[in-house]
Amino acid sequence: MSASRSSCAPESLARREFMQAGGALVIGFSMQGAIATPSAGAPGKPAGFKPNAWLRIDTDGSVEFLISKTEMGQGTESGMAMVLCEELDADWARVSVRTIQPDGKRFMITGGSYSIAGAWVVGRRAAAAARHMLLEAGASALGVPRAECRTGNHAVSHPASGRQLGYGELVAAAAKLSVPKEPALKDPATFKLVGKAMPAKNLDALVRAESRYGMDIQVPGMLYAVIERSPVVNGRIAHVDDAAARQVAGVSRVVRLRGNTFPTYNYVRDGVAVVANSTWAALKGRRALKVSWHESWTDGAPRNGALASSTRLATDFQRLLTDPAVKTENGLHPDVVAVRDGTVEGMNAAFQSAARTLDMFYDVPLQAHVPMEPMNATAHCTDERCEVWVPCHFQTRLFNALRELTGLPPERIIIHTTMLGGSFGRRLDVDYAIEAVMLSRELAKPVQVVWTREDDVRCGLYSPPSRHRVRVALDAGGNPLAMDHAFAALSVWKQQEPTEIEPSGLDYAAAFDAIKFPYRVPQRVVRHRLVEQTIRVFWWRRGYTPNHTFVNECLLDECAHAAGVDPLDYRLRLLPENQPVKFANKGGEVEEIHTGRLARVLRAAADAANWRTPLPKGRGRGIAATVTDTHVAQVVEVEVTDGRIRVTRVVTAVDCGIVINPQLVKAQVEGSVVFGLTAALKGAITVENGRVQQSNFHDYPLLAIDEMPIIETVLLPSTVAPSGTGEQISHPVAAALANAIFAATGQRLRGTPFRLA
Amino acid sequence: MARSSNRKLQFFVNGTRQDYNGDGDQPLLWHLRDQLRLTGTKFGCGTGLCGACTVHVEGKPARACVVNMGSLAGKRVTTVEGLAGKDALHPVQQAWREANVPQCGYCQAGQMMAAAALVAGNSAPDDAAIDEALRGNLCRCGTYARIRVAVKRAAELSRANSGKSTGRTS
Ligand code: FES
Ligand code: FES
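Not measured: the values here are computed from a predicted model. (Residues numbered from 1 in each chain as written. Chains lettered and ligands numbered in written order. Predicted model: local features only at pLDDT ≥ 70, side-chain atom pairs only at ≥ 80, totals over all residues. Heavy atoms only, no water.)

Digging into the nonpolar core
In globular proteins that are soluble, nonpolar side chains generally tend to be buried together.
Then comes step 1: Counting residues in each nonpolar core, the largest one holds 214 residues, and the members touching the most others are A:Leu602, A:Leu737, A:Phe754, B:Leu28 and B:Trp96.
Then comes step 2: Apart from the residues within four sequence positions on either side, B:Trp96 is in contact with A:Val207, B:Val101, B:Pro102, B:Gln108, B:Gln111, B:Met112, B:Ala115, B:Ile147, B:Ala150 and B:Val151.
Then comes step 3: Within the second largest apolar cluster, 50 residues are counted, among which are A:Leu25, A:Phe29, A:Val97 and A:Ala129. (Core = buried A, V, L, I, M, F, W, Y, C linked by side-chain atoms within 4.5 Å. Buried < 20%, exposed > 50% of the residue type's maximum accessible area, 1.4 Å probe, protein only. Contact = heavy atoms within 4.5 Å.)

Shown next, in the form of structure tokens:
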């Protein structure tokens, strides 16, 4: 933690946000301090960054939290503000939250559901420091010993004399005090705000539809543009006929944009931009445009001779999982062991002595993020200055990309984060903002680039597809002796950050959630083989966790049924008793699953869902769980009639440590269930001839209100530090549903989206 | 090539008369957003599939992305900006606030407009009526459970507002 006061005006105060610091008390802290290493979903290196969050109390008593975190519907702002407000003993009504502007010195990313955990560890300490300083200032102003004073409700009071002074009155004096290094924190048992169901800070603006999303930005003199992009990755413009487009009323320019070459960190497609005085004119102009493309040509050299294809991908996956002699191209390590418990000999012996063996293939397809607000960005870039208004939550990535693109010094790059109409990981890439800046430079005018939904579905990034082969050896009692989990996948890191791959070829982002398996299996191996294709894959409500949760939780169910044991009992029987089980992640990082907490959520979900009560024919229940730092279990209830799957009820039990705002956590559960069900039941993205075959919500449908099950949530009480809920709760849904379908029909579905035979 | 079909017409937005002189093919959505600067109405799909752009035309819910300006002569359009009175919230907005419906909020103007039209014509909508009226309004954040609660509450608030004690079912 670092502290800064207006009086000494250190570096952080020079920033725009503190121009009018006046006599304010300001404490800066670094949110990444809470995270040892960002893992999948939070790429990049925060090392060496300056404070990226501040707590500021003004002389009028107003409290402002400036954070590097971005609100996109997950309740980050409100949750973090509640933690800080509680620790500061401030009045919630006088607390506001604002997102800082990136400046290259402060690491700005929102991802991996780390925000609340970070606020808890670091933000709380900053708020406590401020509270102690105010307390001390209050005591001396009142002329009484500090020990006789209390903080509460935005004031320092002296109960013995009944006198009190508001925080605003004390700020100037408090700002002159030194910042305590290890301030005592409040006892959670005394919390008044944390734990209460509070509305989100921006609720009023949202119901009045006054929030400004990226698309709502209007800058004086702004032009509108849409871009006809290469239909295939790495395609280059062959010919443009723009005569008709330029005749459309309102169209002012047609501009060729030269992208770069995949794979690369910030890949941008080649495109032809139609620039106009309204979105409609640009769209109409684009329709009149005729463009042809060189489709598998890159910088003069033919590459990836064949265009991307889901069919070929499936064949490659199958080959890699079934043919041990396969040689892969591009110097890939053909078979990388991610973890081995036991030995090769032990594994072989187990399979030989097994009473029964299972051999299963599971498939997870490509999925699109399709946040409701399509990609867009507004840029005004001249030789002097580059200003962008963008719905983005990896501002540091964009900042660095724009520095490289424009060559401008850091202070000439201004990124305004707008409200985000969802992301689910999509906006951790910044291609859509880079494009807008490229176009604005070309025009030397402000321009808003809007992606149509078709652009979003066809030219985006997708969840990494994978195929898994799991072989299990069971003993006579049905307990696993050995498990061999091999999977083939596309690799986000290979495509964007190849240096993240271990020298051994191990891709921790792809493998970690397979490694992380707490159930007792004496001989276990996880192996992977990575495939390259020109299909861009990316974090999708976290990275590969949805894939591995599906596999792990289905295979447990299959083993339980093979053993003739109830799937809940089977899990509980295989879980080591009430202990942390540790798993090694990248860079020596260790993550743990607490088996006591896991067993508790499993039991809680089962109890709430009447697990032991039989259901009539044609209906069934399935259970599944997942653990990040948050422990989640789900029971899905399904009804199958005439080959139609109807999900009737989803019960979720969550242990996310101390619950900051139960209302927001429940909202995350409800939303995650819908997200998980959409993936399990609805569409998938497929690619043929290099082209994504879906385009809009008719062929990439989302779950609608008339398909909603009853959703019930059990929040388990806890006294441990809070953990995130933005992603993980969507992960067990598909497995719980597959297991429910099996219970209802006897059909085992091993790939999403589910289709009954 | 796409020909510009220029049209001159008058229509009403949130009670105010507007003169339109422009491409008759332009969807209402873009006129509202780009020219009238009423950005509460959102773009989600552009093809009538998501409901983010839901407004009322002559009191009925309509997808602004597929309503062409040329079809609006003399018509009355209400957008989310015209839903509430000057200070007061519309019962739907009140109910949305009570139930903490929005997450990212992007789809919610459309959801609320669809709900307002439903509640105006059905003072006690049941689940089936809600499904029917709102199944075309997608929410990627998955706020449907709260939307259902809020629609029922909005109907209740509307009934109270109009002084009726019992609802009519349709
Ligand atoms: S934008 Fe009009 S229905 Fe989707
Ligand atoms: S609240 Fe985000 S799309 Fe509905």
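This is not the end of the story, as more comes after the structure.
Concerning the sheet that holds strand β21 (residues 447-450) of chain A
Residues and elements named next belong to chain A.
Then comes step 1: An order of β11-β12-β9-β21-β18-β19-β20 is seen for the seven strands of this open sheet, with the pairing classed as mixed. The strands lining the two open edges of the sheet, one partner per strand, are β11 (251-257) and β20 (413-417). Pairs of neighbouring strands in the sheet enclose a mean axial angle of 20°, with direction left out of account.
Then comes step 2: Sheet topology note: the strand β19 (residues 386-390)/β20 ladder contains five bridges and is parallel. (Pairing = 2+ DSSP bridges. Helix = DSSP H or I, 4+ residues; strand = E, 2+ residues; numbered from the N terminus. Axes fitted to C-alpha atoms, helices over the stretch in contact; angles between N-to-C directions.)

Here we look at the interface of chain B and chain A
Then comes step 1: Listed as interface residues are 51 residues of chain B and, on the opposing side, 63 residues of chain A.
Then comes step 2: Taken together, both faces of the contact between chain B and chain A bury some 4700 Å²; the carbon and sulfur share is 61%.
Then comes step 3: A per-residue breakdown of the area chain B buries against chain A is headed by B:Gln103, B:Arg140 and B:Tyr144, which together make up 18% of the total.
Then comes step 4: For A:Asp216, the salt bridge is made with B:Arg33, and the minimal N-O distance between the two is 2.9 Å.
Then comes step 5: Taken together, the connections running from chain B to chain A amount to 22 residue pairs in polar contact (both at pLDDT 80 or more).
Then comes step 6: Contributing elements (two or more residues each) for the side of chain B that touches chain A: α1 (28-35), α2 (91-98), α3 (108-121), α4 (127-134) and α5 (144-161) of chain B. (Buried area = accessible area lost by both parts, 1.4 Å probe. Salt bridge = Lys/Arg side-chain N within 4 Å of Asp/Glu carboxyl O. Polar contact = N/O pair within 3.5 Å; in protein donor to acceptor, adjacent residues only side chain to side chain.)

Comments concerning the pairing of strand β24 (residues 523-531) of chain A
Residue and element names in this part refer to chain A.
Then comes step 1: Counting buried positions along β24 gives eight out of nine residues, so the element sits mostly inside the fold.
Then comes step 2: Both strand β23 (residues 480-490) and β24 contribute to a ladder of nine bridges, which runs parallel. In the strand pairing of β24, Ala489 is matched with Leu530.

Some details on the sheet that holds strand β29 (residues 644-655) of chain A
Residue and element names in this part refer to chain A.
Then comes step 1: Spatial ordering of the open sheet is given by β27-β28-β29-β32, a layout of four strands whose pairing is mixed. Of all the strands in the sheet, the pair left with one neighbour each is β27 (619-627) and β32 (710-715). Looking at each pair of strands side by side, their axes are set apart by 15° on average, direction ignored.
Then comes step 2: Bridge count for β27 against strand β28 (residues 631-641) is nine bridges, and the pairing is antiparallel. Bridged to Ile623 within β28 is Val635.
Then comes step 3: With respect to the sheet, helix α18 (residues 733-745) is in contact with β27, β28 and β29, its orientation differing from that of β27 by roughly 155°.

Re the environment of A:Met222
Residue and element names in this part refer to chain A.
Then comes step 1: You can see Met222 is positioned in the loop between α4 (203-207) and β9 (223-229).
Then comes step 2: As a C-alpha pair, Met222 and Val447 span 225 residues in sequence and 5.1 Å in three-dimensional space.
Then comes step 3: Those residues within four positions of Met222 in sequence are excluded, and the remaining contacts are Ile217, Thr378, Pro446, Val447 and Gln448.

Here we look at helix α10 (residues 431-443) of chain A
The α-helix advances 3.6 residues per turn, and as a result positions three or four apart in sequence lie on the same side.
All names here are of chain A.
Then comes step 1: Compared with an ideal rise of 1.5 Å per residue, which puts 13 residues at 18 Å, α10 spans 19 Å between its outermost C-alpha atoms and is within 8% of the ideal.
Then comes step 2: Of all 13 residues making up α10, 11 are buried, and the element is well covered by its neighbours.
Then comes step 3: The complete set of buried residues in α10 reads Asp431, Tyr432, Ala433, Ile434, Glu435, Ala436, Val437, Met438, Leu439, Ser440 and Leu443.
Then comes step 4: Looking one or two places after α10, you find Ala444, whose phi comes out positive at around 55°. (Expected span 1.5 Å × (residues − 1).)

Brief notes about the packing of aromatic side chains
Then comes step 1: Here the structure, examined in full by the defined rule, presents 11 aromatic pairs over all chains.
Then comes step 2: Residues A:Tyr362 and A:Phe550 carry aromatic rings whose centres are separated by 6.1 Å and whose planes lie at 80° to one another, so their mutual orientation is edge-to-face. Of the two residues, A:Tyr362 sits in strand β17 (residues 356-364) while A:Phe550 sits in helix α14 (residues 545-563), which places them 188 residues apart along the sequence.
Then comes step 3: In this structure, A:Arg748 packs its charged tip against the face of A:Phe742, placed 4.3 Å from the ring centre.
Then comes step 4: The ring of A:Phe424 has B:Arg140 sitting right over it, with the charged end atom 5.7 Å from the ring centre. (Phe/Tyr/Trp six-rings, centres within 6.5 Å; stacked < 30°, edge-to-face > 60°. Lys NZ or Arg CZ within 6 Å of the ring centre and 35° of its normal.)

Considerations on the pattern of salt bridges
Residue and element names in this part refer to chain A.
Then comes step 1: For the coordinates displayed, the defined rule picks out 64 salt bridges over all chains.
Then comes step 2: Residue Arg612 is joined to Asp569 by a salt bridge in which the shortest nitrogen-to-oxygen separation is 2.8 Å. Of this pair, Arg612 sits in the loop between α16 (595-608) and β27 while Asp569 sits in helix α15 (residues 567-574), and the two are 43 residues apart along the sequence.
Then comes step 3: By relative accessible area, which is 30% here, Asp569 ends up partly exposed.
Then comes step 4: Several salt bridges share partner residues, and in doing so they unite Glu228, Arg229, Arg286, Glu435 and Asp455 into one network.

Treat this as a map of the structure, not an account of what it does.
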